[in-house]
Amino acid sequence: MAPADEFVVTPYEVKGRIDYVRLRELFGTQDLTPDLLARLHQISGGDLPPLLSRGVYYSHRDLGVLLDQYQKGSPFFLYSGRGPSGPLHTSHLVSFDLCRWLQKTLGVRMFIQITDDEKFWARSGLTREETAYWGMENLYDILALGFDPKRTHVFFDSRSIAALYPLAIRVARKIPYSTVKAVFGFEPSINIGLVFYTALQTVPCFWPSWAEGRSVPCLIPCGIDQDPHFRVTRDIAEGLGYPKPALLHSQMLPGLLGENAMSTTGDREDNALFLNDSHSAVERKVRGAFTGGRATVEEQRRLGATPEICSVWALWRTRFAKDDREFEEVTRDCRSGALLCGECKGRVLERIHAFYAAHAEARIKVQSWAESTIITEAPKAL
Ligand code: TRP
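My aim in this report is to walk through the structure given alongside it, one point at a time. Starting from 1, residues in each chain are numbered consecutively following that chain's sequence as written. The model is predicted, so local features are restricted to residues of pLDDT at least 70 and side-chain atom pairs to those at 80 or more, both for listing and for counting; the totals for chains, interfaces and linings are taken over all residues. Note that the side-chain values use all heavy atoms of the structure and ignore hydrogens as well as water.

Topic: helix H11 (residues 227-240)
At step 1: Its 14 residues give H11 an end-to-end C-alpha distance of 20 Å, which sits within 8% of 20 Å, the value for a rise of 1.5 Å per residue.
At step 2: The quantity called bend is, for any residue, the angle between two axes fitted respectively to the seven residues ending at it and the seven beginning at it. The helix and strand labels rest on DSSP assignments: H or I over at least four residues marks a helix, E over at least two residues marks a strand, and numbering proceeds from the N terminus. The sharpest bend along H11 measures roughly 25° and falls at Arg234.
At step 3: Across the 14 residues of H11, 10 count as buried, placing the element largely inside the fold.
At step 4: Once H11 ends, the next one or two residues include Gly241, with phi positive near 85°. The span one expects for a helix is its residue count, reduced by one, times 1.5 Å. When a residue's accessible area, from a 1.4 Å probe over protein chains only, is under 20% of the maximum for its type it is buried; when over 50% it is exposed; and in between it is partly exposed.

As for the site of the ligand
At step 1: Note on terminology: near, applied to a residue and a molecule or strand, indicates that one of the residue's heavy atoms is within 4 Å of it. Lining the immediate surroundings of the ligand are 15 residues, of which Tyr79, Gly83, Glu118, Gln201 and Gln226 lie closest.
At step 2: The side chain of Glu118 places a nitrogen or oxygen atom 2.9 Å from a nitrogen atom of the ligand.
At step 3: In the analysis that follows, any N or O atom pair within 3.5 Å is treated as a polar contact, provided that within protein one partner can donate a hydrogen and the other can accept it, and provided that, for residues neighboring in sequence, both atoms belong to side chains. One of the side-chain N or O atoms of Gln226 is found 3.0 Å from a nitrogen atom in the ligand.
At step 4: Throughout, the Shrake-Rupley method with a 1.4 Å probe supplies accessible areas, and for residues the shown protein chains are the sole cover considered. Look at the ligand: alone it shows 370 Å² of surface, and the protein chains cover 93% of it.

Things to note about the sheet that holds strand S8 (residues 218-223)
At step 1: Whether two strands pair depends on DSSP finding at least two bridges between them. Taking strand neighbours across the sheet as the criterion, the seven strands line up as S3-S4-S9-S8-S5-S6-S7 in an open arrangement whose pairing is mixed. Looking at the sheet topology across the chains shown, the edges are occupied by strand S3 (30-31) and strand S7 (152-156).
At step 2: Relative to strand S4 (residues 57-61), S3 runs antiparallel, the two being bridged by two bridges. Looking at S4, one finds that Gln30 is bridged to His60.

Here we look at the pattern of salt bridges
At step 1: One speaks of a salt bridge when a side-chain nitrogen belonging to Lys or Arg is within 4 Å of a carboxyl oxygen belonging to Asp or Glu. Using the criterion set out here, one finds 25 salt bridges in the structure.
At step 2: For Lys15, the salt bridge goes to Glu13, with nearest N and O atoms at 3.4 Å.
At step 3: Residue classification places Lys15 among the partly exposed positions, given a relative accessible area of 45%.
At step 4: Two residues, Arg231 and Asp227, come together in a salt bridge whose shortest N-O distance is 3.0 Å. Of this pair, Arg231 and Asp227 are both found in helix H11, four residues apart, which corresponds to roughly one turn of the helix.
At step 5: Among the residues examined, Arg231 registers a relative accessible area of 23% and is labelled partly exposed.
At step 6: Three or more residues joined by partner-sharing salt bridges are found here, namely Arg61, Asp227 and Arg231.

Fair warning: the whole summary comes from geometry, so function is off the table for now.
Structure follows, in structure tokens:
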């Protein structure tokens, strides 16, 4: 591999310092241009959420086509998912935050896939009970972000298989082994669960079209690491008579310890803020987080700090600044040396604690209706 390519991004491995422009070229996805963002802005009729306005989402497939259809009166549904290998951390919320905003703004339906099967196959250290347990725990956290119970539907793989399987059978017949081997880089020792799994991740893209007997467009907000699955999906869509899903890709967020991208495997405990962390754990992690600050206060006052490499700035950027004005203020004061890291951490911690408190309350409330979102039967009209 050439030095410029010394990073790896697949659904099963994220490694190295990612060059996002290069990755977009390698994957053959399109640039999320200011024009497309302006269209989204216009359609939504309000301000764009920070994940869009601050560049965390940066790439797409066929978003323009989807928006054309939407404006001609053909609403899409949203689809995203989570492989439940443990507790969620704040960076996992990136796709669900955007989905929640789109659902609220456009009133569209949301389908969430919880892949307890995938994580059991992908992580030899996890038991079936564990992935199923984390599946429910993660689902509560996701729903607590503010999804509408009437417009939100869940495929919990091990429990929804009767609903998924009739379509999975047809999808699987279209995918040659050589494709998954090449796309995911599977070694011969891979278990056959993962060889089949991409068929299951594809099914929700087509499920509403199947259920309703008409073509329903699909938009998938996801980390760019998931794009390989959906390349397979898009290749077989037309052959099965379904529309190709459109995608919106986010970058992988940096960990708190400042090591390149957050790894999808073996996250170090202090590298992320898990949603089940105690008040004191959150405090300790943020206080110990890697920043773009200087060696001494004197130097920092004089030379300023570097927000772009700072993990605390990433927290402000993605979730905790209350608006663009505050975000720009923090960025400017950081760069100029007016805002020192200790104070900045104290300020962001207040926001984080407030978010955790509100989230804990919302999470209790969703537990009364979470079960009712899980689809267990093959389609009848929804
Ligand atoms: N494979 C994803 C993960 O490991 C879970 C997932 C299933 C997903 N369907 C999806 C992610 C659709 C994004 C979009 O977390």
